[in-house]
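# Architecture and fold: a report
Chain by chain, the residues run as shown.
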Amino acid sequence: MFFSIIIPTYNRVFILKETLLSVISQSFADFEIIVVDDGSTDDTREMVAGLNENNLHYYYKENEERSIARNFGADHATGKYLIFLDSDDKMKPGYLLSVYAFLLGKQFEPKFIFTGYVILNPDQKPLYEYGMEGFFNPSKLFYGNFLGCSSVVVDTTLFKKYYFSAEKGLILFEDWELWLRIIAENKLYCYPAKSIVMINHGNRSVLNYDPTEIRARILLFKNHVLKTSLAVRTSFFHRRTFLMGTYSYSALHIAMTKKNRALAVKHLALSFISCPLIIFKRRFFGIIKHLF
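These numbers were taken from a predicted model, which means no experiment stands behind them.

### Brief notes about the overall build of the protein
Scanning the protein from terminus to terminus reveals 12 helices and 12 strands. A compact globule built from 292 residues would reach a C-alpha radius of gyration of about 19 Å, and the protein, at 19 Å, matches this within 12%. When the backbone C-alpha atoms are referred to their principal axes, the protein occupies close to 55 × 45 × 35 Å. Relative to its full complement of 292 residues, the protein shows a buried share of 53%. Put simply, of all contacts in the protein between residues at least 6 apart along the chain, 76% involve residues at least 24 apart. Of the accessible surface of the protein, which amounts to about 13,300 Å², a share of 55% is contributed by carbon and sulfur atoms. Taking the 35 positively charged and 28 negatively charged side chains of the protein as two groups, their mean positions are separated by 11 Å.

### A word on the pairing of strand β2 (residues 31-38)
Among the eight residues that make up β2, eight are buried, leaving the element largely enclosed by the rest of the structure. Both faces of β2 are covered, namely the face carrying Phe-31, Ile-33, Val-35 and Asp-37 and the face carrying Glu-32, Ile-34, Val-36 and Asp-38. Bridge analysis of strand β1 (residues 3-9) against β2 gives seven bridges, and the strand direction is parallel. Paired with Ser-4 across the bridge in β2 is Glu-32.

### Observations concerning the side chain of Arg-217
One can find Arg-217 in helix α8 (residues 211-228). Residue Arg-217 is classed as buried on the basis of its relative accessible area of 12%. Within the structure, Arg-217 has its side chain in polar contact with the side chain of Glu-213 (distance 2.7 Å). Residues in contact with Arg-217, not counting those within four places in the same chain, are Lys-168, Gly-169, Ile-171, Leu-172, Phe-173 and Tyr-209.

### Some details on the side chain of Arg-283
Relative to the assigned elements, Arg-283 resides in helix α12 (residues 282-291). Of the side chains bearing the opposite charge, Asp-175 lies closest to the buried Arg-283, which forms no salt bridge; the N-O distance is 12 Å. In this view, Arg-283 contacts Tyr-143, Gly-144, Gly-245, Ser-248, Tyr-249 and Leu-252; residues no more than four positions away in its chain are not counted.

Thresholds, definitions, all that
- Residues numbered from 1 in each chain as written.
- Predicted model: local features only at pLDDT ≥ 70, side-chain atom pairs only at ≥ 80, totals over all residues.
- Heavy atoms only, no water.
- Helix = DSSP H or I, 4+ residues; strand = E, 2+ residues; numbered from the N terminus.
- Rg over C-alpha atoms; globule rule 2.2 N^0.38 Å.
- Buried < 20%, exposed > 50% of the residue type's maximum accessible area, 1.4 Å probe, protein only.
- Contact = heavy atoms within 4.5 Å.
- Areas by Shrake-Rupley, 256 points an atom, 1.4 Å probe, with all protein chains shown as cover.
- Lys, Arg positive; Asp, Glu negative; His and termini not counted.
- Charge placed at Lys NZ, Arg CZ, Asp CG, Glu CD.
- Pairing = 2+ DSSP bridges.
- Polar contact = N/O pair within 3.5 Å; in protein donor to acceptor, adjacent residues only side chain to side chain.
- Salt bridge = Lys/Arg side-chain N within 4 Å of Asp/Glu carboxyl O.

So, in structure tokens, the structure goes:
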């Protein structure tokens, strides 16, 4: 098996089927899909069974949040490479075949790959896209999680050296935290396919958190990285960039909830104090847009 596509899900039967069909319809055939049902109470099991696909495997487990569900899926995977596809994201046609050709076209098969993505509004109009060629500069990850989760392909053996953190307080930032650990010791290859499609819908998990919960989680993540990342801890520039990034991330998502404007403004101010360069960032204008 070449690819194992791991999809954690929780009560998302209304959107999961489209995600599964985008994988099942891929022209490249050497893959398996592992659906990890993280305690759903809807009809997820019946929907998956109704697809009747031999390479589609369903596992039900008690709810423990998505990091543990992804690790669970990885431990049941047989593929050489893992793709952690979110249950509300999709693959464009030909995605797996193009990534396969990219991997085999290298003299040494890459073990950690970023393939790019497109974000669409619910009306299918493009909102944002991101991808690049060459190698990913690790310092970019100090400002924000540009990789997402669905657009990363990682060698199974390499992933199992790290795993997603099981610390529940890191949920929302678990993939960002993992990429920081992996990229500190491994090169991240870039293949600019931009063939993972994300929809900017109102049911995104980050928008379902209370602003005070977002604040608590960003502070826990910030303190965790400052403690564990040598590159961030020992460099004045990287530390300032990281603080600018975490506070502005928090400000943006709190502003997007429309529930606590004062807290969003406070975190935007903390971002500016950490590094005034935030005013030149695209995220800064996004925050201002959602505040007013």
